[in-house]
Amino acid sequence: MSDYRRITIASAGAHAGEPVEIAGWLYNLRKSGKIIFPLLRDGSGILQGVCVKSQVPEQVFEDLKNLTQESSVIVRGKCRAEQRAPGGFEMDVESVQIVQRVPEDTPYPITPKDHGTEFLFDHRHLHLRSRRQHAVLKIRHEIIKAIRDYFDSNGFTLVDCPIFTPAACEGTTTLFEVNYFDEEKVYLTQSGQLYNEATAMAFGKTYCFGPTFRAEKSKTRRHLTEFWMVEPEMAYADLEDVKRVAEELIVFMTGRVLENRQTELATLERDVSKLEAIKGPFPRISYDDAVKILQGKGSEIQWGGDFGGADETLLSEEFDRPVMVDRYPSEVKAFYFQPDPNRPEVALGVDVIASEGYGEIIGGGQRIHDYDLLLRRIQEHHLPPEAFNWYLDLRRFGSVPHGGFGMGVERAVAWMCGLEHIRETIAFPRMLYRTRP
Ligand code: 4AD
Ligand code: MG
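Okay, so let's go over this structure.

Thresholds applied
- What you see as residue numbers is a count from 1 along each chain, following the sequence as written.
- For naming, the first written chain is A and the first written ligand is 1, with later ones following in the order written.
- With pLDDT at 70 or above as the cut-off, local features in this predicted model cover only qualifying residues; side-chain atom pairs require 80 or more to be listed or tallied, and sums for whole chains, interfaces and linings still use all residues.
- For side-chain calculations, the full set of non-hydrogen atoms in the structure is used, while hydrogens and water are omitted.
- Geometry of aromatic contacts follows a simple scheme: Phe, Tyr and Trp rings, the Trp one being its six-membered ring, pair when their centres are within 6.5 Å, and the pair is stacked under 30 degrees between planes, edge-to-face over 60, tilted otherwise.
- Note on conventions: DSSP H or I runs of at least 4 residues are helices, E runs of at least 2 residues are strands, and numbering of each starts at the N terminus.
- Whether a charge sits over a ring depends on NZ of Lys or CZ of Arg being within 6 Å of the ring centre and within 35 degrees of the ring normal.
- Fitting a line to C-alpha atoms yields each axis, with helices limited to the stretch in contact; the angle taken between N-to-C directions then spans 0 to 180 degrees.
- Each angle is binned into one of four classes, with values under 35 degrees roughly parallel, values over 145 roughly antiparallel, values of 65 to 115 roughly perpendicular, and all other values oblique.
- Crossing handedness follows the turn of the near helix against the far one: under a right angle anticlockwise gives a left-handed crossing, and clockwise gives a right-handed one.
- Contacts were defined at the residue level, with two residues in contact if any of their heavy atoms lie within 4.5 Å.
- Note on pairing: DSSP must find at least two bridges between two strands before they are called paired.
- Residues form patches when they are more than 30% accessible in relative terms and have no salt bridge. Like charges link within 9 Å. Nonpolar side chains (Val, Leu, Ile, Met, Phe, Trp, Tyr) link within 5 Å.
- Computed with a 1.4 Å probe, the accessible areas rest on the Shrake-Rupley method; for each residue, only the protein chains presented here act as cover.
- The salt bridge criterion pairs a side-chain nitrogen of Lys or Arg with a carboxyl oxygen of Asp or Glu, the two atoms within 4 Å.
- Working definition: with a 1.4 Å probe on protein chains only, accessible area under 20% of the residue-type maximum means buried, over 50% means exposed, and in between means partly exposed.
- Note on terminology: near, applied to a residue and a molecule or strand, indicates that one of the residue's heavy atoms is within 4 Å of it.
- Under this definition, polar contacts are N or O atom pairs within 3.5 Å; protein pairs additionally need one hydrogen-donor-capable and one acceptor-capable atom, and for neighbouring residues in sequence, both atoms have to be side-chain atoms.

## Some remarks on the packing of aromatic side chains
Consideration 1: Tallied over the entire structure, the rule returns 18 aromatic pairs.
Consideration 2: On the basis of an interplanar angle of 75° and a centroid distance of 5.5 Å, the ring pair of Phe335 and Phe388 is categorised as edge-to-face. Here Phe335, found in the loop between β14 (323-326) and β15 (339-340), pairs with Phe388, found in the loop between α11 (371-380) and α12 (389-396); they are 53 residues apart in sequence, far enough to count as distant.
Consideration 3: Cluster of aromatic residues (ring-pair linked, three or more members): Tyr195, Phe335, Tyr336, Phe337, Phe388, Trp390 and Tyr391.
Consideration 4: Geometry around Phe37 places Arg30 over its ring, the cationic atom sitting 4.5 Å from the centre.
Consideration 5: Positioned above the aromatic ring of Tyr328 is the side chain of Lys333, whose terminal nitrogen or guanidinium carbon lies 4.3 Å from the ring centre.

What follows is the structure, given as structure tokens:
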């Protein structure tokens, strides 16, 4: 039996002075004559060890000195406060047990030097161990937990939606087709929304939270082909209700990240003042106003056109917090949007454009609740009516005004973390030119 108690690096501060062991991996090794400084990681944090030649058996010193990067080790010793060390604690190493030594002739491929993006993403299964990627995924976890907590404590029931679907929700051009036995083709879901509309009529307020797919041939810093989306849906709700929930969700999520992920934000050198500015109420403008602002800033946009990524970035420059843009032309929006009764050419939809050029983070609005109008829209969009029979049923049996939205988790993570590119926000990104590892 070892006298050393197994602890995590994150809890090292609570065990100062006690004999403890840390089971982890060698992150880096710095040597300076008769002292070596192994940097250890265990998934919970990074801890610097100190091993002085004169104070340990010779074998311990030699083992550690020759240890290779990312070898798995159990290190024993005592921790003490050290202001200059990462995490504020250091371990005086007494012994080392090597679990697996990475051989010299096949060294760990990711070294502290600079590697190109392609190389790092080819080695994504290892890349995830690095400090920066670790921080991003910790913040992702925080965001997902905040999203769930927000909905769970505001009367929403989680009802997840299928991934194999018979029809398009967000336009037929971005569907991934799947062979489904001898059946006709099915598609990977673009959004759980249509099913949410059914569950909202059963539960009042629901949300689904799962992977969604878009065969978008756009190679941008904002697009993945597989991304996670959280989608709330509410019965007896209008566009203003949708905006209120969207705003509350973003404010709540940002607060949680600021509160619980300071270390990770610091690792990413995130300017937290930008996140601190994300408070309600968010500015609310119409599509008409947004077009005028954009034209004033030199954009080519004309009334009737959809905003491109560059327009969204331009628009966000005007505000220090997210901006809500509503009433887009129905022409550029999906078939299910309720038209504005006072101006039928515009849709009761809203896009939330994140600050700092992170683009559209939320899209949603009020759905058509009238049977005849919905049927007409399905026909105008050349969607197969037989696949939408069940959806039309929702307008036959107790139809009510209702609405909801979708927030892309990866865009939220990129924004909170201040990342250049969305590929870092998910453990194994799927993009136009990447399906591996
Ligand atoms: O605006 P979108 O297409 O809306 C819907 O799918 C609705 N059916 C949602 C609803 O009302 N229930 O997508 C919603 C959000 C976007 O604002 C964006 O954050 C994210 O999903 N998104 C993507 N994220 C990463 N990569 C992509 N290719 C994305 N496409 C959309
Ligand atoms: Mg959208």
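Following the structure, the description resumes.
## Quick notes on the packing of α11 against α12
Consideration 1: Following both chains from N to C, one finds α11 and α12 inclined at 160°, their axes separated by 9 Å at the closest point. As summarised for this structure, α11 and α12 are arranged roughly antiparallel, according to the angle between their axes. Once α11 is placed against α12, the crossing between them reads as right-handed. On the side of α11, the interface is formed by Tyr371, Leu374, Leu375 and Ile378, while α12 contributes Tyr391, Leu392, Arg395 and Arg396.

## Quick look at the pairing of strand β2 (residues 19-32)
Consideration 1: Inspection of the sheet shows strand β1 (residues 5-6) paired to β2 by two bridges, in the parallel sense. Opposite Arg6, over in β2, you have Glu21 as the bridge partner.
Consideration 2: Taken together, the seven bridges between β2 and strand β5 (residues 72-81) define a ladder with antiparallel strand orientation. Across the sheet, the residue bridging to Ala23 is Ile74, located in β5.
Consideration 3: Taking the residues that link successive antiparallel strands as the turn, the β2-strand β3 (residues 35-41) hairpin has two residues, and the phi of Gly33 there is positive, at about 65°.

## Overview of the sheet that holds strand β18 (residues 360-366)
Consideration 1: What the eight strands build is an open sheet, ordered β7-β11-β12-β19-β18-β17-β14-β13; its pairing is mixed. Edge strands, defined here as strands with exactly one partner in the open sheet, are β7 (157-158) and β13 (284-286).
Consideration 2: Relative to strand β11 (residues 205-213), β7 is paired through two bridges, and the arrangement is parallel. Across the sheet, the residue bridging to Leu158 is Tyr207, located in β11.
Consideration 3: Contacts between helix α6 (residues 239-260) and the sheet are confined to β12 (226-235), β13, β14, β17 (349-353), β18 and β19 (402-408), with β19 contributing the most and set at about 30° to the helix.
Consideration 4: Helix-sheet contacts for helix α13 (residues 409-417) involve β11, β12, β18 and β19, and the interaxial angle to β19 is about 55°.

## Details of the sheet that holds strand β8 (residues 164-165)
Consideration 1: Sheet architecture is open: three strands sit in the order β8-β10-β9, paired in antiparallel fashion. Since the sheet does not close on itself, it has two edges, and those belong to β8 and β9 (177-178), each with one partner.
Consideration 2: For β8 and strand β10 (residues 186-188), the ladder comprises two bridges, and the chain directions are antiparallel. Along β10, the bridge assignment pairs Phe164 with Leu188.

## Observations regarding a nonpolar patch on the surface
Consideration 1: On the surface, a cluster of nonpolar side chains totalling about 360 Å² of accessible area is made up of Phe164, Tyr180 and Phe181.
Consideration 2: With respect to the helices, strands and loops of the structure, Tyr180 is situated in the loop between β9 and β10.
Consideration 3: On the basis of relative accessibility, which here comes to 30%, the residue Tyr180 falls in the partly exposed class.

## Looking at the site of ligand 1
Consideration 1: Inspection of the region around ligand 1 gives 24 residues, with Glu170, Gln193, Glu231, Glu360 and Ile361 positioned closest.
Consideration 2: At 2.9 Å, a side-chain N or O of Glu216 approaches a nitrogen atom of ligand 1.
Consideration 3: Its free accessible area being 630 Å², ligand 1 has 94% of it covered by the protein chains.
Consideration 4: Put simply, the parts of the chain that give the shell around ligand 1 at least two residues each are β12, β18 and β19.
Consideration 5: Considering every element that reaches the shell around ligand 1, the biggest residue donor is β18, with five residues.

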